[in-house]
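# Observations on chain architecture
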Amino acid sequence: MEKIKISEKIFYYSLLTFFSIFALFPLYWMVATSIRPYIIVYQTPPLLFSRELDFSAYKMVLTLTPFIKMFWNSLYVSVLTTIICTLFSAMAGHSLARMKFKGKKLITRGVLIAYIFPQILLVLPLYVLLVKFSLGNSHFGLILTYMTFSFPFCVWMLTAYFLTIPEDLEEAAYIDGASKFRVFTTIILPLSKPGLAAAAIFTFIHAWNEFLYALVFLNSDSKATLSVGIYRLMSGEIFDWQAILASSTMMVFPILIIYLFLQKYIVTGLTAGATKG
Amino acid sequence: MIRKINQFVDKHLGIIFLIPGLSVIFFILAYPVITNIYISFTNKHLIYQGFKFIGFENYTTIFTEDIFSTAVINTFVFTFSSIILQFLIGLVTALILNKPLKGIIFFRLALIIPYAFPPLVIALLWKWMLGKLYGIFNFILMDLNIIEQPVSWLGHPDTAMSAAVIVNVWFGFPLFTLGILAGLQSIPTEQYEVAKIEGANWYQTFWYVTLPNILTIVGIIVILRTIWVFNTFDLVYVLTGGGPLNSTMTLPIYSYNVGWRNGLLGETAAVAIFLFIILIIFTFFYFKLFKINEDQYGKN
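## A look at the overall build of chain B
If you tally the helices and strands in chain B, you get 14 helices and zero strands. Scanning chain B from its N terminus toward the C terminus, one meets helices and strands in the order α-α-α-α-α-α-α-α-α-α-α-α-α-α. Taken over C-alpha atoms, the radius of gyration comes to 24 Å for chain B, far larger than the 19 Å a tight globule of 300 residues would show. Considering only C-alpha atoms, chain B reaches an extent of 80 × 75 × 35 Å along its principal axes. Relative to its full complement of 300 residues, chain B shows a buried share of 42%. Taking all contacts inside chain B whose residues are at least 6 apart in sequence as the whole, residues at least 24 apart take part in 71%.

## Details of the interface of chain A and chain B
With 85 residues of chain A at the contact, the number on the chain B side is 79 residues. Considering only residue class, the side of chain A that touches chain B consists of 61 nonpolar, 20 polar and four charged.

## Overview of helix α9 (residues 180-191) of chain A
With 12 residues, α9 of chain A should reach 16 Å at 1.5 Å per residue; the first-to-last C-alpha distance of 15 Å fits that figure. Buried residues along α9 of chain A sit against α4 (67-98), α7 (139-163) and α8 (168-175) of chain A together with α1 (2-11) and α2 (13-39) of chain B.

## Details of the environment of Ile96 of chain B
Within the secondary structure, Ile96 of chain B is located in helix α4 (residues 66-97). When the 21 C-beta atoms within 10 Å are taken as the criterion, Ile96 of chain B is described as buried. For Ile96 of chain B and Ile223 of chain B, which are 127 residues apart along the polypeptide, the C-alpha to C-alpha distance reads 24 Å. Setting aside residues up to four positions removed in sequence, Ile96 of chain B forms contacts with Tyr12, Leu15 and Leu16 of chain A.

## Concerning the packing of helix α1 (residues 6-34) of chain A against helix α5 (residues 104-112) of chain B
In the contact formed by α1 of chain A and α5 of chain B, the axes pass within 8 Å of each other and the chain directions differ by 40 degrees. As for how α1 of chain A packs across α5 of chain B, the hand of that crossing is left-handed. Residue-level inspection shows Leu16, Phe19, Ser20, Ala23 and Leu24 of chain A of α1 of chain A in contact with α5 of chain B, the latter providing Phe107, Ala110 and Leu111 of chain B.

## Here we look at unusual backbone geometry
Residues and elements named next belong to chain B. Looking along the chain, the bond that leaves Gly243 and enters Pro244 is cis, with omega of -10 degrees. Relative to the assigned elements, Pro244 resides in the loop between α11 (234-239) and α12 (251-261). The backbone of Asn145 sits at a positive phi, close to 60 degrees, despite the residue not being glycine. Checked against the element boundaries, Asn145 lands in the loop between α7 (136-143) and α8 (160-185). Residue Asn145 is classed as exposed on the basis of its C-beta count, with 7 C-beta atoms lying within 10 Å. Despite not being glycine, Leu245 shows a phi value in the positive range, around 55 degrees. For Leu245, the position within the fold is in the loop between α11 and α12.

## Comments concerning the environment of Asp240 of chain A
All names here are of chain A. Positionally, Asp240 belongs in the loop between α12 (226-235) and α13 (241-261). Judged by the 17 C-beta atoms lying within 10 Å of it, Asp240 is partly exposed. Considered as a pair, Asp240 and Ala57 are 183 residues apart in the sequence and their alpha carbons are 9.0 Å apart.

## Re the domain arrangement of chain A
Residues and elements named next belong to chain A. Domain boundaries in chain A define domain 1 (6-54) and domain 2 (64-271). Just the C-alpha atoms count here: the centres of domain 1 and domain 2 sit 33 Å apart. Between domain 1 and domain 2, the residue contacts involve six residues of the former and six residues of the latter. Looking at the side of domain 1 that touches domain 2, the element that brings in the most residues is α1, giving four residues. Looking at the side of domain 1 that touches domain 2 residue by residue, the class counts come to four nonpolar, two polar and no charged.

## Comments concerning the confidence of the model for chain A
Mean pLDDT over chain A: 86, with 95% of residues reaching 70 or higher. When the criterion is pLDDT under 50, residues 273-277 of chain A qualifies, and its contacts beyond four places in sequence or with other chains add up to 18 contacts.

What counts and how
Residues numbered from 1 in each chain as written. Chains lettered and ligands numbered in written order. Predicted model: local features only at pLDDT ≥ 70, side-chain atom pairs only at ≥ 80, totals over all residues. Helix = DSSP H or I, 4+ residues; strand = E, 2+ residues; numbered from the N terminus. Rg over C-alpha atoms; globule rule 2.2 N^0.38 Å. Buried ≥ 20, exposed ≤ 12 C-beta atoms within 10 Å, placed from the backbone. Contact = placed C-beta atoms within 7 Å. Nonpolar A, V, L, I, M, F, W, Y, C, P; charged D, E, K, R; others polar. Expected span 1.5 Å × (residues − 1). Axes fitted to C-alpha atoms, helices over the stretch in contact; angles between N-to-C directions. Left-handed = near helix turned anticlockwise from the far one by under 90°. Domains from an automatic or database assignment. pLDDT = per-residue confidence, 0-100.

See the structure below:
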């Protein structure tokens, strides 16, 4: 292991500290603003640290706005999208990684192109399509549209992941007379848990955070997911920063938990297909 | 009979496994895109019924509009300044995170936090922080004697774009940090040992050992980020709405406004198609530049 000089160490730590403050300060400020008394939030110059706590913004959001309903809507949409997308993309990824058939290259390219489709390009035709099939303002319709982004991404990631699994194991199973389906469920899937976890996490986070489709496709408040709900809270008559930041904090929280505990899968997801394959 | 079905399934599993995903994709991607191309040649309206084929009129209309060219320029400025800054911060942080320092796990965790935020929350939060009256950003800068008076960062045409870029850099640099770090960690230590024996200084080591090894992953992240930033709608829309005076008007926001505010669905389709064509050119260019092709992940 290389030895690092003290002066270098100081240089590295100060840079790291600087960028960490840059990264973390907004998070701190969001939480801090939401749990302070009103008076302190709007005093000038603002206080960087305050010991006085006041959770009335949270109470207000939870009792006077449909926040809890929107939270469940978001959870429902995100979980269902995750299950469907991970399942379909694992199947498609396996097919692209292992099977030989005509038109495979075309499909591979198609997936790659699908991945770069601008959301804004799809929003209008998807709206027309959803209305035509009576899926406008429905969670099922929204879940389908979330596949536009997540499916190509997960297929890309999982194909790369499956390619890293040595084929010897499968060949041994085939010699023993196992069917392809059996090989997929008993060998490929268990060995790909990190890749599947990464795909699932990505799909979940994307669905949870998505804004444009939810804004355009869901027009009733009872169906709204968190991002639209909070946006409408902002554009309403009261512009209450504490309420906005309190609901934002509650929206970010689940994702932060995922980041804290499942960090290694996120790294796997980000780098699959780039370092591997 | 069942045996025959099983045999059939086993033989064609490759195709069968593709069917669910591909049919969804056809339904929600291929069909809509074809519809969109068609709509871009009509005068379809959001509210009024009935429409007719009008050829390239939508395209000629948007190309002659001032806001359109402003939006094109803004989109490029926003994308490239964001990507360059994100890359630089990502490279610096990744190089340091790759050193054997104590407490590195804490810093690594801290540095990826921004990427967890939903774009909507990012926009709202930074709007609060960059505000003129109560925004903490102004007070910090005034404390550091960088500015004398509070500045309305998002409310002034001269600063709004820079502010939007900073917000986007905050959000996006962690992806570069993590990606480049993964690339650095995959470099075999022998290569560094050889460089040391050859007497290379840190600059030569970086240029001849580190850089070639991380080029592929940097290339892929640059492509992905460029596409995403180019398409960014929510962040800028909530932050500034494209204003003030169109100073942050980007193509996605322009397209949204034309379609959902003015109801001109034909024109919004034309803008979206234009955006897509630029992206295809980008992607092609990058793939050539970094010698990345689909074989990399589609190979057997």
